[in-house]
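Summary of the model geometry
Each chain is listed here by its residues.
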Amino acid sequence: MAKSVDKASDLDHRRKINFNIGKYNAVVPAGKSQFHDLELARQRAKNLKWKSLETLDLQLEAFESNISKRGAKIIWAENAKQALEEIRQICVAKNCKTIVKSKSMVTEEIKLNDFLHHQGIESVETDLGEYIQQLDEEPPYHIVTPAMHKSKEDVARLFAEKLNTSPNLSPEELTLVAREKLRHKYAQAEVGITGANFLIADIGAIAVTENEGNARLSCAFPKTHIVVVGIEKMIPSLTDLSLFWPLLATYGTGQRITSYNSIVLGPRQTGELDGPDEMFVILLDNGRTNILANRKTRESLYCIRCGACLNACPVYKNIGGHVYGTTYSGPIGAVITPHLKEMNDWKHLSYASSLCGNCTEVCAVKINLHELLLENRKESVEEGDASLAEKVAWKLWKRAMLNRRWMNMGNQKIKNWMVNSILKGWSAHRANMEFPVKSFNEQWRDNHKR
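None of the values given here were measured: they were computed from a predicted structure.

Thresholds applied
- Residues numbered from 1 in each chain as written.
- Predicted model: local features only at pLDDT ≥ 70, side-chain atom pairs only at ≥ 80, totals over all residues.
- Heavy atoms only, no water.
- Helix = DSSP H or I, 4+ residues; strand = E, 2+ residues; numbered from the N terminus.
- Rg over C-alpha atoms; globule rule 2.2 N^0.38 Å.
- Buried < 20%, exposed > 50% of the residue type's maximum accessible area, 1.4 Å probe, protein only.
- Areas by Shrake-Rupley, 256 points an atom, 1.4 Å probe, with all protein chains shown as cover.
- Salt bridge = Lys/Arg side-chain N within 4 Å of Asp/Glu carboxyl O.
- Pairing = 2+ DSSP bridges.
- Axes fitted to C-alpha atoms, helices over the stretch in contact; angles between N-to-C directions.
- Phe/Tyr/Trp six-rings, centres within 6.5 Å; stacked < 30°, edge-to-face > 60°.
- Expected span 1.5 Å × (residues − 1).
- Polar contact = N/O pair within 3.5 Å; in protein donor to acceptor, adjacent residues only side chain to side chain.
- Contact = heavy atoms within 4.5 Å.

Moving on: the overall build of the protein chain. In terms of regular secondary structure, the protein chain is built from 24 helices and ten strands. For the protein chain, whose C-alpha radius of gyration is 25 Å, the value lies close to the compact-globule estimate of 22 Å for 450 residues. Seen through its principal axes, the protein chain has C-alpha atoms that stretch 90 × 55 × 45 Å. Expressed as a percentage of its 450 residues, the buried residues of the protein chain come to 50%. With the model as given, the accessible surface of the protein chain reaches about 22800 Å², and the carbon-plus-sulfur share is 55%.

Quick look at the structure:
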C-alpha cells in the first residue's frame, strides 16, 4: 500500500508511463485495421485457446511426441525448483560459464537469473529493454515493454554509470552500445535460453515472436538451446499462427506483424548448416494446473501475454508494474497470481481494481478479466481469508442495504459522519462520500405527491 501511494503521487513517474502508453495507443488502431472483422478474430482466438485448454493433456502428448522425433528432449517441471535444477544439470554437463537469454516472463517467474548468479554462471539478457533492467538490477516493469517507466535520459544516465558511456547519448547511440556489448556474449555463450510465445501441437514446434532478432540468435548461435515455457502456451495447429501472430503483434505493440517470427522444430538436423546441437524444452506447471482445475478461472490461461490490459488499466497507469510485487502485473497478474502462489498472500491484488471492465474490452482473446477479479474476491472469502472485522462490516452493510428503514435512519450529516469518520480507511484514499439531503424513498414520495 505504501509503495502504491508513493507511485500514485509521483507525477514524474506518471508522466513517463502515460507518455509511453500514449505512444502505444496511437499506433494500435493501425494494427487493428488489418482485420476485416476484429471481433470475430478475437472470438475465434478465444475458441482455439478453449480447445487447447480443454484437451491440454492430449495436446501436450502430441507436442512431446512430434518434437521428440526430431531430437528435442522434453523435461516436465512441476514447479520452479524442479525447472531450475534441470537447467543447472544441463549447464554443468555443458561446462557452461555464460548464457545468453532472450526476453521471457516465465524465466522471471522462476527467478532464473538470480539462480544462475548463485551458481556462478553469467546470464545476459539480450532484449534491449531487459538488458536495461538487468543493468539497473530491476525486474521487468511491463509484460511487453520491460523498461517502460524509463525515459531516454534515464537510460543514458544508467549506461553512463554502468558502461562508462557519455551521459548525452541519443537512443540510437545507446542501442549501438548495447549491440556492441551483446554481440560478444553470443560468441562466448555455451547455452542459449528462450521462452516461447506458443507451443504448436500438431507439428511439435515452438513459435517465438520478437522485434530485435535476439531470440533467434539465442536459440541458434549457442550449441545448446533451452526453452522454458508454461504448459498453457499450447495451440492446436501451425495454421493457427496466422491468427495468433497478428493478434499478438497488434495488441502487444500496435504492429501488423512483428519483425522476427521464428518456428523452431528441434536441434540442427542432418544437412542443416546452423542451429544448436541440442535442444531441451522444459514444460512448466508451477501452479497452472491449479488454474486449469478451476472451471471459472481456467479462462485466464487463454492469455497470450500481449500486455494490452496493463496499458488500459487505470490502476496500472497510476502505480506502474513494480508495485504489484509479482512477475505478472496489471489485471492479468491480479487474476492469475493468487492461484499461481497463495490466495491469502495475494488476494489484495484482486481488490486493487476499479472493476471498470476496460481490461476485458481490450483483451486480444476476450478474457472476462473483471469478472475473474470478482471471482478471486469471492474465492478468498469462501476460503476464510477475510478478517473478522471485514466479515462483520459486510454483514452489517448487507443488512442495512436490505432494510429500507435502516437506510432512511439519520439525516445527511449523520450519514456523512458515519462513513467518512467512523469507517476507518474509507476516506484515506478516496474523496469524502456525500449523502443527499433526502433519501431515495423521501424523494420518491415527494415526486409522486405532485
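The rest of the description comes next.
A separate point is the pattern of salt bridges. A side chain with one charge may pair with a side chain of the opposite charge, provided their charged atoms come close. The final tally for this structure, using the stated rule, is 24 salt bridges. A salt bridge links Glu 54 to Arg 295, with the shortest nitrogen-to-oxygen separation between them at 3.9 Å. Here the residue Glu 54 occupies a position in helix H3 (residues 38-54), and Arg 295 occupies one in the loop between helix H13 (288-293) and helix H14 (308-312), the gap between them amounting to 241 residues. A relative accessible area of 65% places Arg 295 in the exposed class. Ionic pairing is found between Lys 438 and Asp 446, a salt bridge with its closest N-O pair at 2.6 Å. Overall, the relative accessible area of 24% leaves Asp 446 in the partly exposed class. Members of the salt-bridge network, linked through shared partners, are Asp 12, Arg 15, Lys 16, Asp 154 and Arg 157.

We now examine the sheet that holds strand S5 (residues 198-200). The strand order S8-S5-S6-S9 describes an open sheet built from four strands, whose pairing is mixed. Taken across any chain shown, the strands that pair with only one partner, and hence form the sheet edges, are strand S8 (234-235) and strand S9 (260-264).

Here the focus is the sheet that holds strand S4 (residues 191-194). Pairing is parallel across the open sheet formed by six strands, whose spatial order is S1-S10-S7-S4-S2-S3. Two strands close off the open sheet at either side, each with one partner strand: strand S1 (73-77) and strand S3 (122-125). Direction aside, the axes of adjacent strands within the sheet are offset by 20° on average. Alignment of S1 against strand S10 (residues 278-284), held across five bridges, turns out to be parallel. Its bridge partner lying in S10, Trp 76 is registered against Leu 283.

Before going further, it helps to examine the packing of aromatic side chains. By the definition in use, this model includes five aromatic pairs. Here Tyr 141 and Tyr 316 contribute two aromatic rings whose centre-to-centre distance is 5.9 Å and whose plane-to-plane angle is 70°, an arrangement assigned as edge-to-face. Taken together, the positions of Tyr 141 in the loop between helix H8 (128-135) and helix H9 (152-163) and Tyr 316 in helix H15 (residues 316-319) put the pair 175 residues apart, joining distant regions of the chain. Note on accessibility: Tyr 141 and Tyr 316 belong to one class, buried. Ring centres of Phe 440 and Trp 444 lie 6.0 Å apart, and the angle between their planes is 40°; this geometry places the pair in the tilted category.

Let's shift gears to helix H2 (residues 11-32). Compared with the 32 Å implied by 1.5 Å per residue over 22 residues, the 31 Å span of H2 between its first and last C-alpha is a close match. Looking only at H2, the buried set comprises His 13, Lys 16, Ile 17, Ile 21, Tyr 24, Val 28 and Gly 31. Two to three positions downstream of the cap, the backbone nitrogen of Asp 12 sits 3.2 Å from a side-chain oxygen, assigning the N-cap of H2 to Asp 10.

So, on to unusual backbone geometry. The phi dihedral of Lys 111 falls on the positive side, at around 60°, and the residue is not glycine. Structurally, Lys 111 can be placed in the loop between helix H6 (105-109) and helix H7 (112-118). In this structure Lys 111 comes out as partly exposed when scored by relative accessible area, which is 45%. Despite not being glycine, Glu 137 has its phi angle at roughly 55°, a positive value. Inspection of the secondary structure assignment puts Glu 137 in the loop between H8 and H9. Accessibility expressed as a relative area gives 68% for Glu 137, which makes it exposed.

With that out of the way, let us pick up the environment of Ile 235. You can see Ile 235 is positioned in strand S8. Its relative accessible area of 0% is what places Ile 235 among the buried residues. A C-alpha to C-alpha distance of 9.8 Å links Ile 235 and Leu 60, two positions 175 residues apart in sequence. Filtering out sequence-adjacent residues up to four positions away, Ile 235 remains in contact with Lys 49, Ser 52, Gln 59, Phe 198, Leu 199, Ile 200, Ala 201, Asp 240, Leu 241 and Phe 244.

If you trace the backbone, Trp 245 turns up in helix H12 (residues 241-253). Overall, Trp 245 belongs to the buried group, its relative accessible area being 12%. When the C-alpha atoms of Trp 245 and Asn 197 are compared, they prove to be 9.2 Å apart, with 48 residues separating the residues in sequence. If sequence neighbours within four positions are ignored, Trp 245 has contacts with Phe 198, Ala 207, Val 208, Thr 209, Ile 257, Asn 261, Ser 262 and Ile 263.

Right, let's get into the pairing of S10. Two faces belong to every sheet, and in a regular strand the side chains alternate between them. Most of S10 is tucked away, with seven of its seven residues classed as buried. Judged from the seven bridges that link them, strand S7 (residues 224-230) and S10 form a sheet pairing that is parallel. Residue Thr 224 lies in a different strand from S10, and its bridge partner there is Glu 278.

Moving on to H12. End to end, H12 covers 17 Å across 13 residues, agreeing with the expected 18 Å (1.5 Å per residue, within 8%). Extensive coverage of H12 is indicated by the burial of eleven of its 13 residues. Listing the buried residues of H12 in full gives Leu 241, Leu 243, Phe 244, Trp 245, Pro 246, Leu 247, Leu 248, Ala 249, Thr 250, Tyr 251 and Gly 252. Downstream of H12 by one or two residues, Gly 254 has phi in the positive range, about 80°.

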